[in-house]
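Read off the chains here:
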Amino acid sequence: MELESDRGISRMDYESTSKGWLVRYTRDGQTYNEHVSDSKYGSPEASLDAARKLRDDLRELFPPPSWQEFLAQSNKPESGIHGVRRQGSRRDGKNASWMARWSLNGEVTSKSFSVTKYGEEQAKQMAIAVREEIEPQLEEQYNAKLWNYRTGRRFNRADVVIDPFGFEGAEKFVLHKAAERDPRIRNLKLRAFLNEHGSLYCEVCGFSFEKTYGQLGKGLIEVHHLVPIAEMEPDHKTILDELICICSNCHFTVHNGDSAENLRLMRLIFSRSKSKEEVEQAVTPNGP
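Residues numbered from 1 in each chain as written. Predicted model: local features only at pLDDT ≥ 70, side-chain atom pairs only at ≥ 80, totals over all residues. Heavy atoms only, no water.

A.B. asks: Just to check I follow, could you spell out the overall build of the protein for this structure?
C.D. replies: When you go through the protein residue by residue, the secondary structure sums to 10 helices and 8 strands. For the protein, with 288 residues in total, the buried portion stands at 32%. Total accessible area on the protein stands at roughly 20,500 Å², and carbon and sulfur atoms take up 49% of it. (Helix = DSSP H or I, 4+ residues; strand = E, 2+ residues; numbered from the N terminus. Buried < 20%, exposed > 50% of the residue type's maximum accessible area, 1.4 Å probe, protein only. Areas by Shrake-Rupley, 256 points an atom, 1.4 Å probe, with all protein chains shown as cover.)

A.B. asks: Please explain helix 2 (residues 44–61) as it appears in this structure.
C.D. replies: One full turn of an α-helix is made of 3.6 residues, so residues set three or four places apart face in the same direction. If you check helix 2, its first and last C-alpha atoms are 25 Å apart, about what 18 residues at 1.5 Å a residue would give, namely 26 Å. Considered for burial, the residues of helix 2 that qualify are Ser 47, Leu 48, Ala 50, Ala 51, Leu 54, Arg 55, Asp 57 and Leu 58. (Expected span 1.5 Å × (residues − 1).)

A.B. asks: Looking at this structure, I do not really get unusual backbone geometry. What am I missing?
C.D. replies: Generally, phi is negative for residues other than glycine and the peptide bonds are trans, each holding for most cases. Phi angles above zero are rare outside glycine, and Asn 105 is one such case at about 55°. Following the sequence through the fold, Asn 105 ends up in the loop between strand 5 (97–104) and strand 6 (107–114).

A.B. asks: I'm lost on the side chain of Arg 24 in this one. Help?
C.D. replies: Structurally, Arg 24 is set in strand 2 (residues 20–27). Here Asn 33 takes part through its side chain, which lies 3.2 Å from a polar atom of the side chain of Arg 24. (Polar contact = N/O pair within 3.5 Å; in protein donor to acceptor, adjacent residues only side chain to side chain.)

A.B. asks: Got a minute to help me understand the nonpolar core in this structure?
C.D. replies: Note that soluble globular proteins tend to have their nonpolar side chains buried in a common cluster. The biggest cluster of nonpolar side chains holds 18 residues, and the ones touching the most others in it are Leu 190, Cys 202, Val 204, Ile 221, Ile 246 and Cys 250. At the level of elements, helix 6 (183–197), strand 8 (243–246), helix 8 (248–254) and helix 9 (259–269) are the ones that each hand at least two residues to this core. The dominant element in this core, judged by the number of residues it contributes, is strand 8, at 4 residues. Apart from the residues lying within four places of it in its own chain, the contact partners of Cys 250 are Cys 202, Val 204, Cys 205 and Met 266. (Core = buried A, V, L, I, M, F, W, Y, C linked by side-chain atoms within 4.5 Å. Contact = heavy atoms within 4.5 Å.)

A.B. asks: Explain the sheet that holds strand 4 (residues 84–87) here, please?
C.D. replies: Strands pair in a sheet through their backbones, by hydrogen bonds, and they do so in one of two ways: parallel or antiparallel. The strand order across the open sheet formed by 3 strands is 4-5-6, and the pairing between neighbours is antiparallel. Pairing within the sheet leaves two strands with one partner each, and these edge strands are strand 4 and strand 6. Put simply, the sheet's adjacent strands are angled 30° from each other on average, direction ignored. Most of the contacts of helix 5 (residues 120–145) go to strand 5, to which it runs at about 5°, and overall it touches strand 4, strand 5 and strand 6. (Pairing = 2+ DSSP bridges. Axes fitted to C-alpha atoms, helices over the stretch in contact; angles between N-to-C directions.)

A.B. asks: Would you explain the side chain of Asp 57 in this entry?
C.D. replies: Mapped onto the elements of the fold, Asp 57 is located in helix 2. Among the polar contacts made by the side chain of Asp 57, one reaches the side chain of Lys 53 at a distance of 2.6 Å.

A.B. asks: Sorry, what's going on with the confidence of the model for the protein here?
C.D. replies: Interpreting fine coordinate detail is not advised for predicted regions of low pLDDT. In this model, the protein carries an average pLDDT of 79, and 75% of its residues clear a pLDDT of 70 or more. Taken element by element, the protein is modelled with least confidence in helix 10 (residues 276–283), mean pLDDT 64, and with most confidence in strand 8, mean pLDDT 95. Segment residues 1–5: pLDDT under 50, and 9 contacts once partners within four positions in sequence are set aside and those in other chains are kept. Considering only residues more than four positions removed or in separate chains, one finds that residues 148–155, a stretch of pLDDT under 50, has 23 contacts. (pLDDT = per-residue confidence, 0-100.)

A.B. asks: So what exactly am I meant to see when it comes to the pattern of salt bridges here?
C.D. replies: Any two side chains of opposite charge can pair if their charged atoms end up close together. A full pass over the atoms with the stated rule returns 7 salt bridges. A salt bridge links Arg 11 to Asp 38; its shortest N-O distance comes to 2.5 Å. With Arg 11 in strand 1 (residues 9–12) and Asp 38 in helix 1 (residues 38–41), this residue pair connects regions lying 27 residues apart in the sequence. Note that Glu 120 and Arg 86 form a salt bridge whose closest N and O atoms lie 2.6 Å from each other. Placement of Glu 120 in helix 5 and of Arg 86 in strand 4 is noted, with a sequence separation of 34 residues between them. Judged by relative accessible area, which is 30%, Glu 120 ranks as partly exposed. (Salt bridge = Lys/Arg side-chain N within 4 Å of Asp/Glu carboxyl O.)

Below, the structure written as structure tokens:
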């Protein structure tokens, strides 16, 4: 399958090089080159998609100057319009003229308007009008060539930092179906645990927020239901023995799959009565 190149991307199929795509992007006189190989992405089509992504990321990271910015960087002639200038001596109005000049698709074109025939101001305005008429085509040509401009210099790779990003923060209404929890039973569990042990800590690993963070961690602990909420019948009567105090890390891990089995394995991991070999055998799916 023959694949065509896109703007700023050319195909590399030489015998001496790895087959793939060359991404070339130039900004402010410096060129960034990157080879995107077929072998890394599995096929020419997949590597072309990766090359396009890199090119587009570079363009976003280092946006090229617009046509207007490019013109602003150039010296303006006395007419104040790029590509429009006066020819001939002001002392000799017979041979003087205003000329509009441009290069489009490799062909240089110019149109002149005689000062003798049209007068100074009218000749100037006619040249400006011709230049303004061709301006959209010149801008389109400029934008097309932005991808392919070459120089011997390269970007400093340290400057090419393309951070992944996502769009967040938009507000939306979401309807959830959730089983109700009773905050009263949680508070009763914490009170009973404090009365029995004197402080709050994880019943799985022993971690204490208050011991680790001081006042910042005082009163912090999570409560885990040994009977999963999703499995409860309506109006299930939860008792304190069906709840355990647990730290955030352990709680997150418990719910990473079968919560009952995970809790059994985690308690085994933190059990001091078991040997390292027994723990590894229990938590490894197919044994050690």
